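# Chains, contacts and geometry: an overview
Given next are the chains, with one letter for each unit.
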Number of protein chains: 2
Amino acid sequence: MKFVLKLPSMTVSQHHEAERNETASFSPLYRQIKRLMIQALELSEWRPGESIPSESELAQRFRVSQGTVRKAIDELVTDNLLLRRQGKGTFVASHDDPRSQFRFLRLVPDDVDSAALPVEPQSEFLECLRARAGAETARALGLAASAPIVAIRRLLRFAGKPVVLEEIYVPGERFDGLDLAMLKGYQGSLYSLFETRFGVRMLRAEERLRAVTAERASAQLLDVPEGTPLLSVERVAYTFGDKPVEWRRGLYSTAAHHYRNELG
Amino acid sequence: MKFVLKLPSMTVSQHHEAERNETASFSPLYRQIKRLMIQALELSEWRPGESIPSESELAQRFRVSQGTVRKAIDELVTDNLLLRRQGKGTFVASHDDPRSQFRFLRLVPDDVDSAALPVEPQSEFLECLRARAGAETARALGLAASAPIVAIRRLLRFAGKPVVLEEIYVPGERFDGLDLAMLKGYQGSLYSLFETRFGVRMLRAEERLRAVTAERASAQLLDVPEGTPLLSVERVAYTFGDKPVEWRRGLYSTAAHHYRNELG
DNA sequence: GAGTGGTCTAGACCACACC
DNA sequence: GTGTGGTCTAGACCACTCT
């Protein structure tokens with residue numbers, strides 16, 4: 001037994017010797033608490049934008065000290081699943097929140113410096129089709145070949161000028177009822193819509209960037225000459241359990257904008 | 001007075017009422033400890049690759065509890081200034097360390113997955129000149145116009161094939177004695193050389209990515225047709241005090257490689 | 001003033017590395 | 001075994017927000 005000597009009835013338990021160092025190489029209490037909290041988040045016991053119980057309440061519920069709950073929350077905040085507001089409480093992160101609005105769009109106009117508040121791009125949805133996954137999409141999303149998907153095409157404009165052309169693919173199963181009318185009618189970011197209407201939360205993403213040349217169709221939509229170099233951005237976005245739930249490819253016009261990245 | 005009631009003689013002090021909430025909006029003890037530790041790092045009291053004193057020693061030195069020192073170290077680890085090895089100690093991060101070797105190069109071959117260990121690129125230095133800063137370089141590095149700088153050109157090869165062409169500019173003042181012979185003779189990354197030979201530590205960087213077309217000279221060196229789309233990566237790297245000490249522009253050939261990015 | 005997150009302390013014990 | 005970082009607890013008090 002470890003870390004539990006003074007705990008008469010553990011919710012999270014390491015009471016069994018068997019649990020010690022078998023295959024799972026020792027998980028501290030706060031990580032087990034973290035896992036339980038992620039579960040509560042995934043099961044929507046706590047919903048985006050809402051506050052979760054206070055640290056002392058959670059400590060009672062899980063039968064651990066406040067410090068241990070705090071450490072679990074610390075990591076969830078680092079993972080962008082929760083956010084704290086001193087004096088007010090701890091809240092479930094939401095794509096509605098202006099704070100996490102631009103977490104996934106790294107393109108910014110050349111002139112504005114990093115301190116300035118980001119310019120809100122306008123989204124123009126071109127189409128939204130039900131289709132079957134191609135080989136590439138199926139692999140990226142971990143689906144069976146020719147599984148049902150939803151394909152979206154849209155154009156992003158900064159200050160009226162077209163800058164990003166995107167094709168977005170999501171599994172059809174999770175997005176029942178998603179169509180062009182809904183996309184056009186929704187106020188807010190795409191991930192906000194996914195979260196609000198379909199309960200799908202994008203937690204992290206991986207991007208692959210390349211330089212390519214504009215084909216005729218893309219060039220026309222982006223209002224650049226055919227052959228112009230464009231930034232190709234492929235993204236796989238993941239939800240709970242590191243499950244991929246979106247694949248997209250964007251073509252970014254980088255004449256007056258750039259992709260901004262911080263290396264820590 | 002706050003947090004110091006039981007501390008008879010503080011090294012870090014908040015004894016004076018004046019310090020309370022004048023302009024500097026309340027800095028907790030562990031941040032003051034952090035600042036002192038950064039100072040020790042900047043002044044090379046603790047050197048890259050070496051271990052720093054144990055947490056209990058530091059607690060004694062700064063007259064705070066181990067938990068407070070620990071929290072300061074936590075942040076320094078997050079900032080990539082220190083790294084912990086359980087059972088061994090806490091160490092000053094170094095660009096020699098394989099762990100932080102590829103922190104700043106995000107280009108990877110298309111085929112290898114993220115789990116695989118990165119392929120070591122080979123560096124071929126083309127030139128290294130002393131010159132005077134142009135307007136753009138001076139602005140990026142925060143130097144006076146026409147301040148002395150060192151300009152480096154190099155080619156990176158993955159598996160023998162040229163993939164990255166870079167121009168690198170550093171202030172001449174900090175890099176006395178840097179020349180082509182030294183670059184060619186050094187084993188290890190450029191930042192490792194900067195750290196080892198000149199005591200200049202790159203702590204973080206900002207990059208701006210764009211798509212451009214290959215000019216004739218660049219195309220020849222990268223062994224691609226003129227007009228090929230290339231990924232342009234501009235970087236400003238910062239050392240202690242957020243002082244910019246390197247500006248570089250790279251042209252990445254992305255036919256068989258891509259720039260990999262994680263969005264948290 | 002009450003409630004929440006944030007800081008700090010002191011002490012106990014666990015996991016890991018090296019001798 | 002000794003020393004290091006890592007975890008956990010219990011309790012006190014500070015800073016912030018809202019009522």
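I will try to describe carefully the structure that is included in this document. This is a predicted model, so every value here is computed, not measured.

## A closer look at the pairing of strand β1 (residues 82–85) of chain B
- Note: β1(B) against strand β2 (residues 89–92) of chain B, 4 bridges, orientation antiparallel. Paired with Leu83(B) across the strands is Phe91(B), a residue of β2(B).

## Let's talk about the pattern of salt bridges
- Tallying each qualifying case throughout the model produces 44 salt bridges over all chains.
- In this structure, Arg216(A) engages Glu226(A) in a salt bridge whose closest nitrogen and oxygen atoms are separated by 3.7 Å. Separated by 10 residues along the polypeptide, Arg216(A) in helix α7 (residues 216–222) and Glu226(A) in the loop between α7 and β8 (229–239) bring together distant segments of the chain. The residues Arg216(A) and Glu226(A) share a single accessibility class, namely exposed.
- Across the pair Arg210(B) and Glu234(B) runs a salt bridge whose closest N-O atoms are separated by 3.6 Å. Placement of Arg210(B) in strand β7 (residues 204–213) and of Glu234(B) in strand β8 (residues 229–239) is noted, with a sequence separation of 24 residues between them.
- Residue class for Glu234(B) comes out buried when judged on its relative accessible area of 18%.

## Topic: the interface of chain B and chain A
- Listed per partner, the contact involves 30 residues of chain B and 30 residues of chain A.
- Surface buried jointly by chain B and chain A totals about 2700 Å² across both partners, of which 47% is contributed by carbon and sulfur atoms.
- Viewed at the interface, chain A and chain B are joined by 6 salt bridges.
- Where chain B touches chain A, the interface holds 23 residue pairs in polar contact (both at pLDDT 80 or more).

## Here's the deal with the relation of the copies chain B and chain A
- For the pair chain B and chain A, the best superposition has an RMSD of 0.0 Å and corresponds to a rotation of 180 degrees with a translation of 0.0 Å parallel to the axis. Here the symmetry operator amounts to a two-fold rotation axis.
- When the interface residues of chain B are mapped onto chain A, 100% of them again fall at the interface, so both copies present the same face.

## As for the sheet that holds strand β3 (residues 107–109) of chain B
- The strand order β4(A)-β5(A)-β6(A)-β9(A)-β8(A)-β7(A)-β10(B)-β3(B) describes an open sheet built from 8 strands, whose pairing is antiparallel. Each edge of the open sheet is held by one strand with a lone partner, namely β4 (122–132) of chain A together with β3 of chain B. Within the sheet, the average angular offset between the axes of one strand and its neighbour, ignoring direction, is 25 degrees.
- Of the strand pairs in this sheet, β8(A) and strand β9 (residues 243–252) of chain A are connected by 9 bridges, and their pairing is antiparallel. Across the sheet, residue Ala237(A) finds its bridge partner in β9(A), namely Glu246(A).
- The sheet strands contacting helix α6 (residues 190–198) of chain A are β4, β5 (148–158), β6 (161–171), β8 and β9 of chain A, and the helix crosses β9(A) at an angle near 155 degrees.

Basis of the calculations
Position labels on residues start from 1 in each chain and follow its written sequence. Each chain gets a letter, beginning with A, and each ligand a number, beginning with 1, in the order they are written. For a predicted model such as this one, the threshold for reporting local features is a pLDDT of at least 70, and the threshold for listing and counting side-chain atom pairs is 80 or more; totals across whole chains, interfaces and linings nevertheless cover every residue. Water and hydrogen atoms play no part in the side-chain values, which are based on all heavy atoms of the structure. When DSSP finds two or more bridges between two strands, those strands count as paired. In this text, helices come from DSSP runs of H or I with a minimum length of four residues, and strands from runs of E with a minimum of two, each type numbered from the N-terminal end. We define a salt bridge as a side-chain nitrogen of Lys or Arg found within 4 Å of a carboxyl oxygen belonging to Asp or Glu. Whether a residue is buried, partly exposed or exposed follows from its accessible area with a 1.4 Å probe, protein chains only, as a fraction of its type maximum: under 20%, in between, or over 50%, in that order. When checking whether two residues touch, look at their non-hydrogen atoms; a contact exists if any pair is within 4.5 Å. When two components associate, each loses some accessible surface as probed by a 1.4 Å sphere; the sum of these losses over both components is called the buried area. The definition of a polar contact used here is a pair of N or O atoms within 3.5 Å, where within protein one atom must be able to donate a hydrogen and the other to accept one, and adjacent residues in sequence count solely through side-chain atom pairs. Our superposition of the copies is a least-squares fit, built on the C-alpha atoms of residues whose pLDDT is at least 70 in both. For helices, the fitted axis covers only the stretch in contact; all axes are lines through C-alpha atoms, and the angles between them, taken along N-to-C directions, range from 0 to 180 degrees.

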